[in-house]
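Examining the three-dimensional arrangement
Now for the letters of each chain:
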Amino acid sequence: MSGAALRLIRCRRLSTSGPPGVRKVLQWKHLRKVAKVTGAVVSGGCLFITYEVVALNKAVTIDTSAILQEKYKSYIYLKATPSDEKENFAAGLTHKARRELHKAARRFVEVSSRVLLQSLDAATLMTQVVKPQVVKPQVVKPQEHFSHVDADPHEVALWVLLKRTMSADKAIRLQAVQELAEHHHWQDYQYQTAAQAIDQRTAVGLARIPQVDLRFFLRSPALPALGDCLSAEDGLRQLLASLPQSEVDKCVQYFTSLALRESTQSLAAQRGGLWCFGGNGLPYAQSLTSVPSEKVESFCLQALVQHSKVQSHCDHIVANGGLQLLQRVYQLRRDSLKIQRNIVRIIGNLALNEGVHQAISQSGWISALAEMTQSPHVMQASHAARALANLDRETVKEKYQDGVYILHPQTRSNQPIKADVLFIHGILGAAFKTWRQKDRDVSEEEKEAESREDYTECWPKSWLAADCPNLRVLSVEYDSHLSDWMAKCPAENQRKSLAYRSRELLKKLKLAGVGERPVVWVAHSMGGLLVKKMLLDASEDPEMHGLLNNTKGIMFYSVPHRGTFMAEYSVSVRYLLFPSVEVRELCKDSPALRDLNENFLNMAKEKEFKVLSFAETLPTNIGPMIKILVVPTQSANLGIGELIEVDVDHLNICKPEKKDSFLYKRSLQFILEALQSYISH
C-alpha cells in the first residue's frame, strides 16, 4: 500500500511539472481504473474465502465418525476413468484437480470437526427429507442438538439413517431400516455407500423388506479359481467326502454314498466318451436331456441337504469352503430352478445355527436371497424367505427347520400376527403343489391367456394372505410314497409310519412357535390322519399342551378317516406296487386307523374343536383305464362337524377353481368363524 501511495504522488508531481495537456488526464484515469480493479479483486477474494469457510463449517456434519464415512464415500463416486492422454489431457487434469480439491476440503472439515466437536441434529434433517404429507414420529437422543444446515438433505439423511441402524435401541434400528428401504430417491453412489456401510443385521433386515432395492447389497465376492482339472462337481464330491459319517442316520449315509457313486460313474463316462447306460448309470439313460454333470450335482446337493440338518456338520461345511462352493454352483446353474432351490434349502438349514450367520453374510448370500424372494415362482421365493427368516434374529424368534415353509408373511410387516393356519398335504403331495389353483382345461387362446394371468401356484399364499393379513400361514412338507420302489432311501421305511412322522413334525412345529397362538389346521387326504395323530400325541406331552389348547378348528379335504379302497383295490395291483407303510395304514377298517379315529373323536368332543369336512363325489384317474373313488363319502365323514360333498375328484378337492368359487369361499368362512374372537376383519 505504501508503494502504491508513493507511486501515486510521483505521478502527480510529473503531471504538474510540464505544460497542461491531454497526457495528464489520461494517466490519472488509467491509474484510477487500475486501483478500482485491484481493490475489487482483493475485496472479492477476501469475501469469497470468508464465505466459503463459514458456509463449509455450516454445511457439513461436524461429527468425526460421520466425516470419516463421508471421506470413504468420496472414493466411491470419484472413480478414475481411463482416457487417452493426448486427446483428453484437459479432461484428465480437471478430474485430478477436482479429486484433490475434494480431498483437501474433507481433510479440512475433518480437522475442524475434531476441534469443534459439534453434533448434527438428526430429527431436523429427517423432516426435510420426508414427504410433506407423511408425518412420522422421530426419536431424538438427548445428546443430539438442533442446528440448521445448508447441505443437501438427502446426503445427510443417508448417514443419519445409517447411524441409526447401529443404535443400541432396537426400536430405533427397526425404524431406520424401514425408512432406509422406503426412500427411492437415492443415487447409485449412495446405494453403494450404504451397501459398504451397513452391517449383517441391517442387510438381513433390508432383504426382508418387500420389493427392496437390490442395490443396497454388495455383489457376491470374487470366488477363488478352481484347479485346472477341477470342476464344481469335483468340488461338491470332495466336500461330501470330507464330511464325517458320525452322528448321521442310515439315510444320510445312503445319500452320501449315492452321490459319490454317481460322481465316479460320471467321471468314468467322461473318460470313455460315452454315458454309462447300465447299472448305476441308469439315471442318465432315463433323462437324456440332462447333462451328466448337472445330474451328479443334483445328487451331491441332495446329500448336502441331509448333512446340513445335522448341527455338528454345519461347521464342517462352512470350514471346508462349502458356502463359496455353493455360491459357485448357484451362479453356474441359474437356469435350473431345482438346483437353486436345493442350494437355498441348504443355506436355510445352515442358518439355523447362529454361529455361521456371519460366514453366510460374508459369502454374499444375503444379496442372492433378497433377489430370490422377489422371484415370481412361489417355491423359489418361499425357500429364500425361510432362509432369511432364520437369519433374522432381530424380529423373528422362531426357527423354521427343513420342511416348514412360511407362506405369509414372507417379509417384515407391521401387521401383528394373531393366529396360525397350517396346511398339511397328503400322499404324493407337497407343500406348494397340493395347494395350487385347479388346473384349467382351456382350448381357446384368449381363455388360456386369461387363465395364465389369474392363475396362482399357491392359493393360501395369494388368496388367504390377502383376505387375512394378520394370520401366519405355514405349509408343512414330508416325503410320502405309494410304493417302496419309489422310496428315496431304503432305510426310510421306519420313518413312514404316522407315529414317527407325528413326532418329527411336532418337534419342528414347536421350534416354529406353533401353539403359542390360536391354530387352525387344513389337511388333505393322509395329512388329516397325521393331524389327528399329532394332536393325540400333543395331549400326552405336557410341553405340547399349548398346541392342543390353542387348536380352534380343523378342516379336512377328503380325509380317509375309515380307510380307503385304493389300498386294497386289487391283489394284482398290491403286488405290483409293493404298497408302502403309509398305504398299508390306509386300508379300510384298519385296526390302527379305527383306534386313531375313536381316540380323536373323544378328544375333539371334549375340546370342542370346530370341524369342517369336504368329500369328493367324482372318481379319480389313477392310471390307464383305471378310475376309482379314492375316499368315499362314508370314509370322509368324521362323525362330528359339518360334511360337504363337492363334485370334484380326490386330487382337486383342495384346489379351488377360482377365488369366488364355493370351495374357497366356504373354506375362508370356516377359518374366520373359528378365529372370530381372535382376529379382526
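You'll find the structure just up there.
Owing to the predicted nature of the structure, the values given are computational and were not obtained by experimental measurement. (Residues numbered from 1 in each chain as written. Predicted model: local features only at pLDDT ≥ 70, side-chain atom pairs only at ≥ 80, totals over all residues. Heavy atoms only, no water.)

**Let's talk about the packing of aromatic side chains**
Counted by the stated rule, this structure contains 11 aromatic pairs. Plain terms: the ring middles of Tyr330 and Trp365 are 5.3 Å apart, the flat faces sit at 75 degrees to each other, and that makes the pair edge-to-face. On the criterion of sequence distance, the pair formed by Tyr330 in helix α15 (residues 322-332) and Trp365 in helix α18 (residues 365-373) is long-range, its members being 35 residues apart. By relative accessible area, Tyr330 is classed as buried at 3%. When the ring of Trp463 is compared with that of Tyr664, the centres are 5.3 Å apart and the planes differ by 70 degrees; the resulting orientation is edge-to-face. Separated by 201 residues along the polypeptide, Trp463 in helix α21 (residues 459-467) and Tyr664 in helix α29 (residues 662-674) bring together distant segments of the chain. You can call Trp463 buried: its relative accessible area is 8%. Each residue in the set Phe423, Trp435, Trp459, Trp463, Tyr557, Phe614 and Tyr664 is aromatic and connected to the rest through ring pairs, giving one cluster. (Phe/Tyr/Trp six-rings, centres within 6.5 Å; stacked < 30°, edge-to-face > 60°. Helix = DSSP H or I, 4+ residues; strand = E, 2+ residues; numbered from the N terminus. Buried < 20%, exposed > 50% of the residue type's maximum accessible area, 1.4 Å probe, protein only.)

**Some words on the side chain of Gln437**
Assignment of secondary structure puts Gln437 in the loop between β2 (419-424) and α20 (445-454). At 2.6 Å, the side chain of Gln437 forms a polar contact with the backbone oxygen of Glu657. (Polar contact = N/O pair within 3.5 Å; in protein donor to acceptor, adjacent residues only side chain to side chain.)

**Notes on empty space enclosed by the protein**
Counting across every chain of the model gives one cavity of 30 Å³ or more. The volume enclosed by the largest cavity comes to roughly 30 Å³. If you trace the largest cavity, you find it lined by Thr165, Arg173, Leu174, Val177, Arg201, Thr202, Glu394 and Arg412. Counting only elements with at least two residues in the lining of the largest cavity, the list comes to α7 (170-182) and α9 (200-207). In terms of residues, the lining of the largest cavity owes the most to one element, α7, which gives three residues. Residues belonging to the lining of the largest cavity are distributed by class as follows: two nonpolar, two polar and four charged. (1 Å grid on protein atoms, 1.4 Å probe; cavity = no way out; pocket = protein on both sides within 12 Å on 5 of 7 lines; lining within 4 Å. Points joined across faces, edges and corners; volume = space filled by probe spheres on them. Nonpolar A, V, L, I, M, F, W, Y, C, P; charged D, E, K, R; others polar.)

**Some points on the nonpolar core**
Counting residues in hydrophobic clusters, the biggest one holds 60 residues, and the most contacted among them are Leu206, Phe216, Leu304, Leu326, Leu350, Ile360 and Trp365. Per-element accounting of this core gives the leading share, seven residues, to helix α13 (residues 292-308). Beyond its immediate sequence surroundings of up to four residues, Leu206 is in contact with Val177, Leu180, Ala181, Ile198, Val212, Phe216 and Phe217. Val476, Ala512, Trp521 and Ile554 belong to the second-largest nonpolar core, a separate cluster that totals 44 residues. (Core = buried A, V, L, I, M, F, W, Y, C linked by side-chain atoms within 4.5 Å. Contact = heavy atoms within 4.5 Å.)

**Overview of the environment of Leu505**
Following the sequence through the fold, Leu505 ends up in helix α22 (residues 498-511). Placed 26 residues apart in sequence, Leu505 and Val531 show a C-alpha to C-alpha distance of 9.8 Å. Setting aside chain neighbours within four positions, we find Leu505 in contact with Val476, Leu530 and Met534.

**Considering the packing of helix α10 (residues 232-242) against α15**
Between α10 and α15, whose axes approach to 10 Å, the crossing angle comes to 150 degrees. One element, α10, and the other, α15, form an angle in the roughly antiparallel class. Handedness of the crossing formed by α10 with α15: left-handed. Across from Ala232, Gly235, Leu236 and Leu239 in α10, the residues of α15 making contact are Gly322, Leu325, Leu326, Val329 and Leu332. The class makeup of the residues in the contact of α10 with α15 is seven nonpolar, two polar and no charged. (Axes fitted to C-alpha atoms, helices over the stretch in contact; angles between N-to-C directions. Parallel < 35°, antiparallel > 145°, perpendicular 65-115°, else oblique. Left-handed = near helix turned anticlockwise from the far one by under 90°.)

**Focus: the sheet that holds strand β6 (residues 610-616)**
The sheet built from seven strands is open, its strands ordered β1-β3-β2-β4-β5-β6-β9 with mixed pairing. Looking along the sheet, the strands with just one partner apiece sit at the ends: β1 (404-408) and β9 (642-646). Pairwise comparison of adjacent strand axes, ignoring direction, gives a mean angle of 20 degrees for this sheet. Bridge count for strand β4 (residues 519-524) against strand β5 (residues 551-557) is six bridges, and the pairing is parallel. Looking at the pairing, Val519 lines up with Thr551 of β5. (Pairing = 2+ DSSP bridges.)

**Description of the side chain of Thr434**
Within the element layout of this structure, Thr434 appears in the loop between β2 and α20. What Thr434 contacts, discounting residues up to four positions off in sequence, is His425, Gly429, His524, Cys654 and Lys655.

**Observations regarding the pattern of salt bridges**
Counted by the stated rule, this structure contains 19 salt bridges. A salt bridge links Asp467 to Lys659, with the nearest nitrogen and oxygen atoms 3.4 Å apart. Taken together, the residues Asp467 in helix α21 and Lys659 in the loop between β9 and α29 connect sequence positions 192 residues apart. Lys510 serves as the salt-bridge partner of Glu543, at 2.6 Å between the closest nitrogen and oxygen. On the criterion of sequence distance, the pair formed by Glu543 in the loop between α23 (526-540) and α24 (545-549) and Lys510 in helix α22 is long-range, its members being 33 residues apart. Judged by its relative accessible area of 59%, Glu543 is exposed. Given a relative accessible area of 40%, Lys510 falls into the partly exposed group. (Salt bridge = Lys/Arg side-chain N within 4 Å of Asp/Glu carboxyl O.)

**Examining the pairing of strand β3 (residues 471-476)**
With respect to burial, β3 is a largely interior element, six of its six residues being buried. Because side chains alternate across β3, one face comprises the buried residues Leu471, Val473 and Ser475, and the other comprises Arg472, Leu474 and Val476, equally buried. Here four bridges tie β1 to β3, and the two strands are oriented antiparallel to one another. The residue of β3 that forms the bridge with His408 is Val473. Across six bridges, the pairing between β2 and β3 is parallel. Opposite Ala419, over in β3, you have Leu471 as the bridge partner.

**What about unusual backbone geometry?**
Excluding glycine, residues mostly carry a negative phi; peptide bonds, for their part, are mostly trans. Residue Pro409 is bonded to the preceding His408 through a cis peptide linkage, with omega at -10 degrees. Here Pro409 shows up in the loop between β1 and β2. Even without being glycine, Ser525 reaches a positive phi, approximately 55 degrees. Locating Ser525 in the fold gives a position in the loop between β4 and α23. Located in the positive-phi region is Glu608, a residue other than glycine, with phi close to 60 degrees. By secondary structure assignment, the location of Glu608 is in the loop between α27 (591-607) and β6. Given a relative accessible area of 66%, Glu608 falls into the exposed group.

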